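# Close look at the chain arrangement
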Amino acid sequence: MSETYDFLFKFLVIGSAGTGKSCLLHQFIENKFKQDSNHTIGVEFGSRVVNVGGKTVKLQIWDTAGQERFRSVTRSYYRGAAGALLVYDITSRETYNALTNWLTDARTLASPNIVIILCGNKKDLDADREVTFLEASRFAQENELMFLETSALTGENVEEGFLKCARTILNKIDSGELDPERMGSGIQYGDASLRQLRQPRGSTAQNKQQCSC
Amino acid sequence: MAELSALTTSGPAPGDPRAAPSIPPSSPPLPAPNVSAPESPGENSIAKSSLCNDNAADTPAARSASLMSGTLESLSGLGDDGSSIGSDSEINGLTVRRTDRYGFLGGSQYSDSSEKETRVEVARQREVKWLDMFRHWDKWIKHRFQKVKLRCRKGIPSSLRSRAWQLLSNSQELLEANPGKFEELEREPGEAKWLDIIEKDLHRQFPFHEMFAARGGHGQQDLFRILKAYTIYRPDEGYCQAQAPVAAVLLMHMPAEQAFWCLVQICEKYLPGYYSAGLEAIQLDGEIFFSLLRRTCPMAYRHLKKFKIDPILYMTEWFMCIFSRTLPWACVLRVWDMFFCEGVKIVFRVGLVLLKQMLGSVDKLREVQGMYETMERLRNISPDSIREEVLVQEIIMLPVTEALIERECTVQVRKWRESRGELTHQPGRRLHGTRAVYECKRRAAAISSGGSFSFLGSSVPPPGPLRKNPPLSGHQVSAPASPAPTRRERFSISLFFACLFLFYFLFFFLFAESNSRGWKVAAPESAQTKRR
């Protein structure tokens, strides 16, 4: 609570079991590969303050269990997420095939405007690859996702993934496409000062709220 | 995968000398485990990773060899890799690895050696007492259960823990009643969808324990065997990721077959529905837990409510893994000792005590003003903050009884039905510990040998793996122990019926007699009146 930031975004990390979701999160937060990782049961959390385009943004990241069985529990926490990392394992076609389901879940339960980046993880295991870059990037295009291949082991593209997602959200806020004041946007202002700067939009929103009360 | 399953069915048993030659004697010694207690969870995790990272992190081969390395050759192939640590001590015990006394090589659950140990004389006395109980186990459970409970609360001697857990859960009898069943299950190929996910989890269970440190080592092989066997034993349940740590803890104490039946008892008697699809049981218990928290620690309750932190967010892992991933190891074992004896009540109590410790005072709450701050605190319980004796004492003292849990369960089931509709999970199936398991067993035995009066026990579902439970009714929730007749009761009932029969006959006979006599008497009377 003590650190200052301009925005706070709620992020999700979703995808099938064993794709490396927790390792991606650990790599992003600790800059290390998590050798002794346990599988996630339920939900885990992580947060980090990053600098994106001159603004400080606190990312609060919800890392979910991948097994189908836990979805009934984790789905209830999708609500109000601003961004998501949708993770599959490039060495497992099965995890790639499951993407459509995860995508539908995220769009219907979180918000239709949720900014999603597709991450093909375990890029370091290129020899065992089952899903080509081209195929996945085509899928990403068709479904309006951003796309990166990442490696939680080496750290390649991990930070990029999170930052790219955050940057897109910031751009959408600037262009007015996303309204941080709207309930369930997954975005909060960090500072009162920033709210002052954004007085026009902020005040109208406040007025609206007062009216509705 | 085929490679692994083939190996596990024909592979050497733990301790088999055949396994020894595959380990190169020159494998590098383990970096000294971080004995100094970490100061914060953050540092802790860094210390954890640095233990293995030096050797392993920069070799992609370490990971590529991870999942499918079920062969002994691959064990030797990983000789240069940090991930093969522990295999030496597991096999020949010559190489000195510094494990703690529970077999941990490092990690957050590594126990400091400064820990207070029970005095030798005390330990020996306890062993004698336990051995005596083992000799007359059924009698102890039937007549002196309070004493058994007390001894479980004091902690089961580690040398006898394996046997005690099996007796407490009644899994030993299940094993004896099903000879060859485990091998039979092992011979089945199993469903690919379960095997794939089990294999992904094998190297993720207590990677710092010497038994599970080696990729494809004995610990991981056995883990695969019992988890796979369970998916075949209960195809409708399959595999739930939270079963793996539970199975691993069991394997640290007993051979695979015994561990399997113990797992079966946990999944079916102690925590039914916890690992089933839909996870209704754990969500329901979350609601029960939250409601109990309101009684036991209103301050923590209000705080969690204020920040909209649902119980499912922090208690899922606690309950499903029976705290095996949460507490210092000495505490895990004490909790499990009590859990096997007293059932899920202990799990509720541990959770409540933890919340009380972490969120039970104004000072503590001041540090965690916010949802994420609170969650961070709850997800990373510092092992230093938990003292074994204090924890156990508080668990014992907490006034949360089976009856209270059952009452709360009835309330929550009603609420669930009102807000979310019908439940497929049947909370009435849960048995609260050893006593209830034995009662259930006695009833089942009474039914099977019931003969003409077996209809009296018809309210109890028949035992056995394929039993289908009747749809849940309110009365079943509130009174899971609807008493069915024991042998003695059946005897008295039959005696009662026999007496009834006897009386009936006697009555009939007397009545007939008196009637006939009546006629005889009446006849002369009527004759007399006629004469008059």
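Residues numbered from 1 in each chain as written. Chains lettered and ligands numbered in written order. Predicted model: local features only at pLDDT ≥ 70, side-chain atom pairs only at ≥ 80, totals over all residues. Heavy atoms only, no water.

For the rest of this paragraph, the subject is the overall build of chain A. Within chain A, the secondary structure is distributed over 8 helices and 7 strands. Of all 213 residues assigned to chain A, the portion counted as buried reaches 57%. Pairs at least 24 apart in sequence give 73% of the contacts found in chain A among residues at least 6 apart. Looking at chain A as shown, the accessible area adds up to about 9000 Å², and 47% of this sits on carbon and sulfur atoms. (Helix = DSSP H or I, 4+ residues; strand = E, 2+ residues; numbered from the N terminus. Buried < 20%, exposed > 50% of the residue type's maximum accessible area, 1.4 Å probe, protein only. Contact = heavy atoms within 4.5 Å. Areas by Shrake-Rupley, 256 points an atom, 1.4 Å probe, with all protein chains shown as cover.)

So, about the packing of aromatic side chains. Per the counting criterion, the structure on display carries 36 aromatic pairs over all chains. Seen from their ring centres, A:F45 and B:Y372 are 5.9 Å apart, and the 85 degrees between their planes marks the pair as edge-to-face. Taken together, the residues A:F45 in strand β2 (residues 43-52) and B:Y372 in helix α22 (residues 371-379) connect one chain to another. In this structure, A:F45 and B:Y372 share a single accessibility class: buried. Linked through ring pairs, B:F289, B:Y314, B:W318, B:F319, B:F323 and B:F348 together constitute an aromatic cluster. (Phe/Tyr/Trp six-rings, centres within 6.5 Å; stacked < 30°, edge-to-face > 60°.)

Here we come to the pattern of salt bridges. Here the structure, examined in full by the defined rule, presents 31 salt bridges over all chains. When the shortest N-O distance is used, the salt bridge between A:E177 and A:K172 registers 3.7 Å. When the shortest N-O distance is used, the salt bridge between B:E173 and B:K441 registers 3.0 Å. Of this pair, B:E173 sits in helix α10 (residues 171-177) while B:K441 sits in helix α25 (residues 433-448), placing them 268 residues apart in sequence. (Salt bridge = Lys/Arg side-chain N within 4 Å of Asp/Glu carboxyl O.)

The next thing to look at is unusual backbone geometry. Phi at A:N31 is positive, roughly 60 degrees, even though this residue is not glycine. Along the chain, A:N31 falls in the loop between α1 (21-30) and β2.

As a further point, take the interface of chain A and chain B. At the junction of the two partners, chain A supplies 35 residues and chain B supplies 51 residues. Counting the surface lost from both chain A and chain B, the interface buries some 3800 Å², and carbon and sulfur atoms represent 54% of this. The largest per-residue losses of area from chain A upon contact with chain B belong to A:Q35, A:H39 and A:R69, which jointly make up 21% of the total buried on that side. Where chain A packs against chain B, one counts 1 salt bridge. At the boundary of chain A and chain B, one finds 13 residue pairs in polar contact (both at pLDDT 80 or more). Sorting the residues of the side of chain A that touches chain B by element identifies α1, β2, β3 (55-64), α2 (71-74) and α3 (93-97) of chain A as the ones contributing at least two each. (Buried area = accessible area lost by both parts, 1.4 Å probe. Polar contact = N/O pair within 3.5 Å; in protein donor to acceptor, adjacent residues only side chain to side chain.)

Once that is clear, we can look at the side chain of B:S276. Along the chain, B:S276 falls in the loop between α15 (256-270) and α16 (280-296). Every residue in contact with B:S276, bar those within four places of it in the chain, is listed here: A:R69 and B:E237.

What follows is about helix α6 (residues 158-174) of chain A. Residues and elements named next belong to chain A. Its 17 residues place the ends of α6 25 Å apart at the C-alpha level, agreeing with the 24 Å of an ideal helix rising 1.5 Å per residue. Taken together, the buried positions of α6 are occupied by V158, G161, F162, L163, C165, A166, I169, L170 and I173. Backbone geometry just after α6 places G176 at a positive phi near 85 degrees. (Expected span 1.5 Å × (residues − 1).)

Residue and element names in this part refer to chain B. By the secondary structure assignment, L293 is in helix α16. Looking at L293, the relative accessible area reads 0%, which means it is buried. Residues L293 and G351, spaced 58 residues apart in sequence, show a C-alpha to C-alpha distance of 9.1 Å.

Let's shift gears to the nonpolar core. Counting residues in each nonpolar core, the largest one holds 166 residues, and the members touching the most others are B:Y314, B:W318 and B:W336. Setting aside residues up to four positions removed in sequence, B:W336 forms contacts with B:W165, B:V246, B:V249, B:L250, B:I266, B:C321, B:I322 and B:S324. (Core = buried A, V, L, I, M, F, W, Y, C linked by side-chain atoms within 4.5 Å.)

What follows covers the state of the cysteines. Residue and element names in this part refer to chain B. Taken as a whole and judged by the stated rule, the model has 0 disulfides over all chains. With no disulfide of its own, C240 has C321 as its nearest cysteine by sulfur position, at a separation of 8.6 Å. The exposure class of C240 is buried, given its relative accessible area of 0%. The structure places no disulfide on C341, whose sulfur is separated from the nearest cysteine sulfur, that of C152, by 3.9 Å. (Disulfide = S-S within 2.5 Å.)

Residue and element names in this part refer to chain A. For strand β4 (residues 83-89), the buried fraction is high: 7 of the 7 residues fall into the buried class. Residue alternation in β4 divides its side chains into two sets, G83, L85, V87 and D89 and A84, L86 and Y88, and both sets are buried. Judged from the 5 bridges that link them, strand β1 (residues 7-15) and β4 form a sheet pairing that is parallel. Bridging from a neighbouring strand, V13 pairs with L85 of β4. (Pairing = 2+ DSSP bridges.)

Next up on the list: the environment of B:V344. Residues and elements named next belong to chain B. Position of V344 relative to the elements: it lies in helix α20 (residues 344-359). For V344, a relative accessible area of 0% corresponds to the buried category. Separated by 58 residues in sequence, V344 and E402 have C-alpha atoms that sit 8.5 Å apart. Other than its neighbours up to four places away in sequence, V344 contacts Y270, L271, Y274, D285, F339, R430 and H432.

All names here are of chain B. Counting buried positions along helix α18 (residues 311-320) yields 10 of 10 residues, so the element is predominantly enclosed. Those residues of α18 not exposed but buried are P311, I312, L313, Y314, M315, T316, E317, W318, F319 and M320. At the C-terminal side of α18, I322 shows a positive phi close to 50 degrees.

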